[in-house]
Amino acid sequence: MKTILALLAGAATALAVTGSQAATLQTVKDRGELICGVSKGLPGFSAPDAAGTWSGFDVDFCRAVAAAVLNDPAKVKFVPLNADERFPALQKGDIDVLARNSTWTMEREGKLGLLFAGVNYYDGQGFLVRDARKITSALELDGSKVCVQTGTTTLANTEDFFNTNGMKLELVTAPNSDDLVKFYEDGKCDTLTTDVSQLYALRTKMAKPGDHIVLPDVISKEPLGPVVRQGDDQWLNVVKWTLFGMINAEELGVSSKTLDQALQSKKPDVKHLLGVDGGFGEPIGLTNDFVVRIVKAVGNYGESFERNVGAASKLGIPRGVNQLWSMGGIQYAPPVR
């Protein structure tokens, strides 16, 4: 009898927790503002200018969620977080969503009580070195002093890579990305490792960016994406379909420049996406035209990528695997239907 009562009490507690967490969408609406966790000044992804205005690929996603929910991409409070701070801030409810170059792993969902809403950037860990070393492969890094940021998946990946290839390694840890760059430029290490996208971003912060190269080797899978708390399926759907809406918009040729024309389209897929037909937004707590709001605010996925981190941006990152599946990449979204 005691066992049964204990199980019922546990179930009641779980339901109570779920119920308390299942109000994020309404909380954001009542507050009139989205609170979004981002990185502490990573060029191309999230960085404030001199006036304190944030921009970047992850910032665009925050604004897209605000546009979908509040019909105003400006109604976002950005909370800059380092790697150690990001998940506790989300767990405690200090932020509504985390959009900060975070890798989707089983441990983070299984142990931390979080859920990834999808992948907005397929990445992998790489290495940056001085061009003067004339190194062309990570397999030539034997005996290197490698700077790595604490609180990331990068540290274990680095140890595994060097051990697997029989190479000696001296790790130099840094608490944040700014210190990572400083340690490297001060000569405390001769190699810098993190996600390839971040290497391109950090290189722009260096005194002479052209003196440093990102090696071609990619030693891990780092699927990056927005994160929410477990226990709120409605909010997960909102964040997830914001991302999927941006990706589908690019695939269907709906951009900030073609939106007016697209709203007159007779194609069923376009009509469903833009809420002209089908009524798919309301069942998840959004308006049926939520993708229209998003595209007006930040454009489609491809527009945001190219503007912030793409080949023509300051970072100059090739689209690569983040190209749409129909264009030779692996970026893919479920259909709105």
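Analysis parameters
- Residues numbered from 1 in each chain as written.
- Predicted model: local features only at pLDDT ≥ 70, side-chain atom pairs only at ≥ 80, totals over all residues.
- Heavy atoms only, no water.
- Helix = DSSP H or I, 4+ residues; strand = E, 2+ residues; numbered from the N terminus.
- Rg over C-alpha atoms; globule rule 2.2 N^0.38 Å.
- Buried < 20%, exposed > 50% of the residue type's maximum accessible area, 1.4 Å probe, protein only.
- Contact = heavy atoms within 4.5 Å.
- 1 Å grid on protein atoms, 1.4 Å probe; cavity = no way out; pocket = protein on both sides within 12 Å on 5 of 7 lines; lining within 4 Å.
- Points joined across faces, edges and corners; volume = space filled by probe spheres on them.
- Nonpolar A, V, L, I, M, F, W, Y, C, P; charged D, E, K, R; others polar.
- Pairing = 2+ DSSP bridges.
- Right-handed = clockwise from strand over helix to strand, strands pointing away.
- Salt bridge = Lys/Arg side-chain N within 4 Å of Asp/Glu carboxyl O.
- Axes fitted to C-alpha atoms, helices over the stretch in contact; angles between N-to-C directions.
- Parallel < 35°, antiparallel > 145°, perpendicular 65-115°, else oblique.

## So, the overall build of the protein chain
Check the secondary structure of the protein chain and you find 13 helices and 14 strands. Taken over the C-alpha trace, the protein chain has a radius of gyration of 21 Å; the compact-globule value for 337 residues is 20 Å, and the two agree within 12%. Its C-alpha atoms give the protein chain principal-axis dimensions of roughly 65 × 60 × 40 Å. Counting the 337 residues in the protein chain, one finds 50% classified as buried. In the protein chain, of all internal contacts separated by at least 6 residues, the share reaching a separation of at least 24 is 70%.

## A closer look at unusual backbone geometry
Of note in this structure, Asn71 is not a glycine but carries a positive phi near 60°. When you line up the elements, Asn71 lands in the loop between helix H3 (57-70) and strand S4 (76-81). Even without being a glycine, Lys134 presents a positive backbone phi close to 55°. Along the chain, Lys134 falls in the loop between strand S8 (125-130) and strand S9 (144-149). Taking relative accessible area as the criterion, Lys134 reaches 61% and is therefore assigned exposed.

## Comments concerning empty space enclosed by the protein
Scanning all chains against the criterion turns up four cavities of 30 Å³ or more. Looking at the largest cavity, its volume works out to about 120 Å³. The wall of the largest cavity is formed by 15 residues, among which Arg86, Asn101, Thr152, Asp195 and Gln198 lie closest to the centre. For the lining of the largest cavity, the secondary structure elements donating two or more residues are helix H4 (83-91) and strand S11 (191-195). Tallied by class, residues from the lining of the largest cavity come to one nonpolar, nine polar and five charged. By volume, the second largest cavity amounts to about 70 Å³. Here the residues of the lining of the second largest cavity are counted per class, giving two nonpolar, six polar and two charged.

## Things to note about the layout of surface pockets
Taken as a whole, the largest pocket holds about 260 Å³ of empty space. What lines the largest pocket is a set of 17 residues, and nearest its centre among them are Tyr121, Asp123, Val196, Val218 and Ile317. When contributions to the lining of the largest pocket are tallied by element, the ones reaching two or more residues are strand S7 (121-123) and helix H8 (196-203). Taken as a whole, the second largest pocket holds about 200 Å³ of empty space. Around the second largest pocket, the lining residues are Asn248, Glu251, Leu252, Asp269, Leu273, Trp325, Tyr332, Ala333, Pro334, Pro335, Val336 and Arg337. Secondary-structure elements contributing two or more residues to the lining of the second largest pocket are helix H9 (233-251) and helix H11 (268-273).

## Some remarks on the pairing of strand S10 (residues 169-174)
Note that S9 and S10 share six bridges and pair parallel. Note that in S10 the partner of Val146 across the bridge is Leu171. One crossover worth recording links S9 to the parallel S10 by way of helix H6 (residues 154-164), and it is right-handed.

## Quick look at the environment of Trp54
Within the secondary structure, Trp54 is located in strand S3 (residues 54-55). A relative accessible area of 14% means that Trp54 is categorised as buried. It is 9.8 Å that separates the C-alpha atoms of Trp54 and Lys77, two residues lying 23 residues apart in sequence.

## Looking at the pattern of salt bridges
This model, assessed by the stated rule, comprises 10 salt bridges. Put simply, Glu85 and Lys40 hold a salt bridge, and the shortest N to O gap is 3.6 Å. Note that Glu85 is positioned in helix H4 and Lys40 in the loop between strand S1 (34-39) and strand S2 (47-48), a separation of 45 residues in sequence. A relative accessible area of 33% means that Glu85 is categorised as partly exposed. With a shortest N-O distance of 3.7 Å, Asp94 and Lys92 are connected by a salt bridge.

## Thoughts on the packing of H9 against helix H13 (residues 301-308)
Axis separation between H9 and H13 bottoms out at 6 Å; the angle between their running directions is 95°. Classed by the angle they form, the pair H9 and H13 counts as roughly perpendicular. Touching Met246, Ile247 and Glu250 of H9 are Tyr301, Gly302 and Ser304, all from H13. Looking at the contact of H9 with H13 residue by residue, the class counts come to three nonpolar, two polar and one charged.

## Regarding the sheet that holds S8
Within the open sheet, the five strands sit side by side as S10-S9-S11-S8-S12. Their pairing is mixed. Of all strands in the sheet, those bounded by a partner on one side alone are S10 and strand S12 (212-214). Going across the sheet, the axis of each strand differs from the next one's by a mean of 30°, ignoring polarity. Relative to S11, S9 runs parallel, the two being bridged by two bridges. Looking at S11, one finds that Val146 is bridged to Thr191. Most of the contacts of H6 go to S10, to which it runs at about 175°, and overall it touches S8, S9, S10 and S11. Here helix H7 (residues 177-185) sits on the sheet in contact with S8, S9, S10, S11 and S12, set at roughly 165° to S9.

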